[in-house]
Every structure is written in C-alpha cells, then in structure tokens.
Amino acid sequence: MGLLDGLLGTTDPMHLAVPTRLRVLRVMTVMQGAYPTFHISSIYRTAAQQDALYAMGRTTPSPWPCVHDSISRPVGTCTRVNFPVGTVHPFGAVGTSLRGGQSAHNWRLACDMYPPLADPNAGDYITRYGLPKEAWSFYWRTAQSVGLRILGSGDPGHLEEPGFLFLGPWALAQFGGI
C-alpha cells in the first residue's frame, strides 16, 4: 500500500460542482486529444484526507523528495536550513500548504490533472512528468480559456474556480452556496 492510497480523494468528475465539472470536462477532452496520457488524479477530498496530505512532509513521511535550487534530495536526506530558521525536511517535501476545509478540493471546486510520472524523484515538474514546457503551457491556456484558475509551475496540474479563497463557510455563497 502506498503513502497516497486513499488520500487524494475521488477522481470522478461527477463529484465536482456543476459549473466546475463542465469546465474540467472541456479541458480533459482537449488535453486527451493532444496528450492522451493526461488523467484526473484528484477532485474531491474530505477534510481528513486534506489534513493527512498537510501532515506529509511535516510530521509524516512524504512520497516526494525535497527540491532546493533544482536539486532533488530523497526523503530523509534534506539538510538544507529553511524557513522557519533551524528546520530541515527529514520527511520530504510537504504535500500541501492548506489544511482540511481550506482547499478548493474540499468544496468540489478544484481538480488536479497529470500525466503518469516519468521520474518521481526529479527536481522539476517538466522532468518529473516527462512533458515539455509547451505541453504544460497548452494545458494552462486551455484551462484559462474555459475560465479556470491555474497555479502554474508551483502546482502545475491544479485547476480551480477563479476567486476561490477560503474565508470561512460564508465565503461559499459566491459559488451558489455549495
């Protein structure tokens, strides 16, 4: 059993809010026509799944290596001092910067699409997924053309509804009270 089993949530587009679902399906159709290996890797996550991803790299082992200055350091070997002062990454790279309830995934407003991993220990997303920068640029342009927000190279496969910012349950009214 892998570290991520059960933590990335559902991959069924039917679990997305309706406007997001329609946009994601349009992106998926275009991407699979140009790059057939693209697939949905994560849509809806529970708060508990999100919290488990948040713990990865902080208090529990992560499947991802640390990457500093484009150098990949396998889990358990990172000795670079980072913010906050005095910390290292003995558990690998962090899984996410958002706790349960704070991610658009928790509200059915986000989707992650990726091709299969080419080199999981690579220090950059282009090498890690084996696709040229042009493929990622095409993906981002396609997503933006249907009104989805991208995060770019920091989380290259992530798409979400524009304007989503978790400010508490009252903020969800902007998305029709989901």
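Residues numbered from 1 in each chain as written. Predicted model: local features only at pLDDT ≥ 70, side-chain atom pairs only at ≥ 80, totals over all residues. Heavy atoms only, no water.

## A look at the overall build of the protein
- Each helix and strand in the protein was counted, giving four helices and six strands.
- Mapped from its N terminus to its C terminus, the protein presents α and β elements in the order α-β-α-β-β-β-α-α-β-β.
- Classification of the 178 residues of the protein by burial places 39% in the buried group.
- In the protein, once contacts between residues fewer than 6 apart in sequence are set aside, the share between residues at least 24 apart is 65%. (Helix = DSSP H or I, 4+ residues; strand = E, 2+ residues; numbered from the N terminus. Buried < 20%, exposed > 50% of the residue type's maximum accessible area, 1.4 Å probe, protein only. Contact = heavy atoms within 4.5 Å.)

## Details of the packing of helix H1 (residues 18-34) against helix H4 (residues 133-145)
- Where H1 contacts H4, the two axes come as close as 9 Å, and the packing angle between them is 155°. When the axes of H1 and H4 are compared, the pair comes out roughly antiparallel. Along this stretch, H1 crosses H4, giving a crossing that reads as right-handed. When H1 is examined against H4, the residues Val27, Val30, Met31 and Ala34 are found in contact with a partner set consisting of Ala135, Phe138, Tyr139, Thr142 and Ala143.
- Split by residue class, the contact of H1 with H4 holds eight nonpolar, one polar and no charged. (Axes fitted to C-alpha atoms, helices over the stretch in contact; angles between N-to-C directions. Parallel < 35°, antiparallel > 145°, perpendicular 65-115°, else oblique. Left-handed = near helix turned anticlockwise from the far one by under 90°. Nonpolar A, V, L, I, M, F, W, Y, C, P; charged D, E, K, R; others polar.)

## A closer look at H4
- Here H4 contains 13 residues, and its C-alpha end-to-end distance of 18 Å stays within 8% of the 18 Å for a straight helix at 1.5 Å per residue.
- For H4, the secondary structure elements touched by its buried residues are H1, strand E4 (110-114), helix H3 (125-129), strand E5 (149-150) and strand E6 (158-160).
- Positive phi shows up at Gly147, right after H4, with a value of about 95°. (Expected span 1.5 Å × (residues − 1).)

## Notes on the nonpolar core
- Membership of the largest hydrophobic core comes to 22 residues, with the highest contact counts inside it found for Val27, Phe38, Met113, Trp136 and Tyr139.
- No other element matches the five residues that H4 contributes to this core.
- Once residues lying within four places of it in the same chain are set aside, the contact partners of Tyr139 are Val27, Met31, Phe38, Met113, Pro156, Gly157 and Leu159.
- One finds Ala17, Leu109, Ala110 and Phe164 within the second-largest nonpolar core, a separate group that totals five residues. (Core = buried A, V, L, I, M, F, W, Y, C linked by side-chain atoms within 4.5 Å.)

## Looking at the environment of Leu25
- Of note, Leu25 is situated in helix H1.
- Overall, the relative accessible area of 34% leaves Leu25 in the partly exposed class.
- A C-alpha to C-alpha distance of 7.5 Å links Leu25 and Pro13, two positions twelve residues apart in sequence.

## Brief notes about unusual backbone geometry
- Phi is positive for Arg108, close to 65°, though the residue is something other than glycine.
- Relative to the assigned elements, Arg108 resides in the loop between strand E3 (71-73) and E4.

## As for the sheet that holds E5
- The four strands are arranged E1-E4-E6-E5 in an open sheet whose pairing can be described as antiparallel. The outermost strands of the open sheet, each flanked by one partner alone, are strand E1 (39-42) and E5.
- Where E4 meets E6, three bridges bridge the pair, whose relative direction is antiparallel. Bridge pairing in E6 places Ala110 opposite Glu160.
- The strands touched by H1 within the sheet are E1, E4 and E6, with E4 carrying the most contacts at an inclination of about 10°. (Pairing = 2+ DSSP bridges.)

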